[in-house]
Amino acid sequence: MAYAARHNGLPAIRPPLMKRIADASAPYLYSAPALILIVAVMLVPLVLGVSYAFRDIQLLNPFSGAFVGLDHFRALSQDQAFFRALSNTLWWTGASVLLQFTFGLILALLLDKPFHGRAVAQALVFLPWAVPSFLAGLNWAWLFNPVVGPLPHWLYGLGLMSQPANILSDPQLAMWGPIVANIWWGIPFFAITLLAALQAIPRDLYEAASIDGAGPVQRFLSITLPFLAPTIAITILLRTVWISNFADLIIVMTNGGPADRTQIVASYIFTQAFKRLDFGYASAIALVLLALLLAYSLLIVILRQWLLSKD
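A few points on the structure. (Residues numbered from 1 in each chain as written. Predicted model: local features only at pLDDT ≥ 70, side-chain atom pairs only at ≥ 80, totals over all residues. Heavy atoms only, no water.)

1. Some remarks on a nonpolar patch on the surface
A cluster of nonpolar residues, Leu 35, Leu 37, Ile 38, Val 39, Val 41, Met 42, Leu 43, Val 44, Leu 46, Leu 48, Leu 290 and Leu 294, forms a patch on the protein surface that exposes about 1,100 Å² of accessible area. Residue assignment for the nonpolar patch shows that the elements contributing at least two residues are α2 (17-52) and α13 (279-310). For the nonpolar patch, the leading source of residues is α2, giving 10 residues. Summarising the element assignment, Leu 35 is placed in helix α2. By relative accessible area, which is 47% here, Leu 35 ends up partly exposed. (Patch = residues over 30% accessible without salt bridge, like charges linked within 9 Å, V, L, I, M, F, W, Y side chains within 5 Å. Areas by Shrake-Rupley, 256 points an atom, 1.4 Å probe, with all protein chains shown as cover. Salt bridge = Lys/Arg side-chain N within 4 Å of Asp/Glu carboxyl O. Helix = DSSP H or I, 4+ residues; strand = E, 2+ residues; numbered from the N terminus. Buried < 20%, exposed > 50% of the residue type's maximum accessible area, 1.4 Å probe, protein only.)

2. Topic: helix α4 (residues 80-111)
Here α4 contains 32 residues, and its C-alpha end-to-end distance of 46 Å stays within 8% of the 46 Å for a straight helix at 1.5 Å per residue. Where α4 starts, the residue carrying a side-chain oxygen 3.0 Å from the main-chain nitrogen of Ala 81 turns out to be Asp 79. (Expected span 1.5 Å × (residues − 1). Polar contact = N/O pair within 3.5 Å; in protein donor to acceptor, adjacent residues only side chain to side chain.)

3. A short note on unusual backbone geometry
Backbone torsion omega between Gly 257 and Pro 258 reads -5°, so that peptide bond is classified as cis. Tracing the chain through its elements places Pro 258 in the loop between α11 (248-253) and α12 (265-275). Phi at Asn 255 is positive, roughly 60°, even though this residue is not glycine. The topology assignment puts Asn 255 in the loop between α11 and α12. A positive phi is found at Leu 277, a non-glycine position, where the angle reads about 60°. With respect to the secondary-structure elements, Leu 277 resides in the loop between α12 and α13. According to the relative accessible area criterion, Leu 277 is partly exposed, its value standing at 22%.

4. Some remarks on the nonpolar core
Core analysis: the biggest nonpolar cluster contains 43 residues, and Trp 92, Phe 144, Leu 194, Leu 249, Met 253 and Ile 264 have the highest contact counts within it. Those elements giving two or more residues to this core turn out to be α4, α6 (133-143), α8 (176-199), α9 (203-211), α10 (216-244) and α11. Sort the elements by how many residues they give to this core and α8 lands first, with 12 residues. Those residues in contact with Met 253 that sit more than four places away from it in its chain are Gly 137, Trp 140, Ala 141, Phe 144, Leu 168, Gly 177, Pro 178 and Ala 181. Phe 82, Ile 269, Ala 282 and Ile 285 belong to the second-largest nonpolar core, a separate cluster that totals 12 residues. (Core = buried A, V, L, I, M, F, W, Y, C linked by side-chain atoms within 4.5 Å. Contact = heavy atoms within 4.5 Å.)

Set out below in structure tokens:
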């Protein structure tokens, strides 16, 4: 009507003010429930957690809560247990991600080939991902138990151990217990995502490469790997951040022992917050971990954009 009035030489009729306000605010009203939920569930706890890092929050001290500035971070810079946990985190995360990715890629390549019973094989491969991490930790702790578990006896039978001993109580070997459990539990994540990426690669590229005389290794390096590179970058980013914050298996299997040899930063935060009830110091540790993971994520995102720009 307003368009017709303009072209007939008549003054345009503006809609009422309330209707204009309602039309302008409609998108915000539709998205308001989701935004409110995000703010209530994510942003508010994040802001409170960051503020705790600069305050003295001890649950057993009724007089705590005062602002202490950077005192927690000064104490953290001299905390040898934290630096040991940081070193263990690098070992725990690096070994878990590398081996999960390696075995996940091998499984994805095998499952990408058609064979009889592939659907059953896919279901069995993805089964560990459906097991709760707490239950997985209990199962693997039982497997490593020298009294009732089979693994120490198998290792002894293969000549890899002098006697069936508890690996989880050996300071030199204890970290490998949760790492092995984490590898078993996390392989399906890489297998699922990489298999989906493999199935999106056009098959005529492989046929053309075969006609040109390219072998399996050449086809993998020149076709498969470049197509998988962006997916590999984002999956490694997600798993690295996830595993760095993932303390379930360690808490269930070793509780950070023996002598803090399996203590990682995430489990150290749990110890400070829920055992020593020092939420201020635990929040300072969590803030440092957050900063390190943000820096790492930024590097991986830049690498992924660079890989995409090359295509």
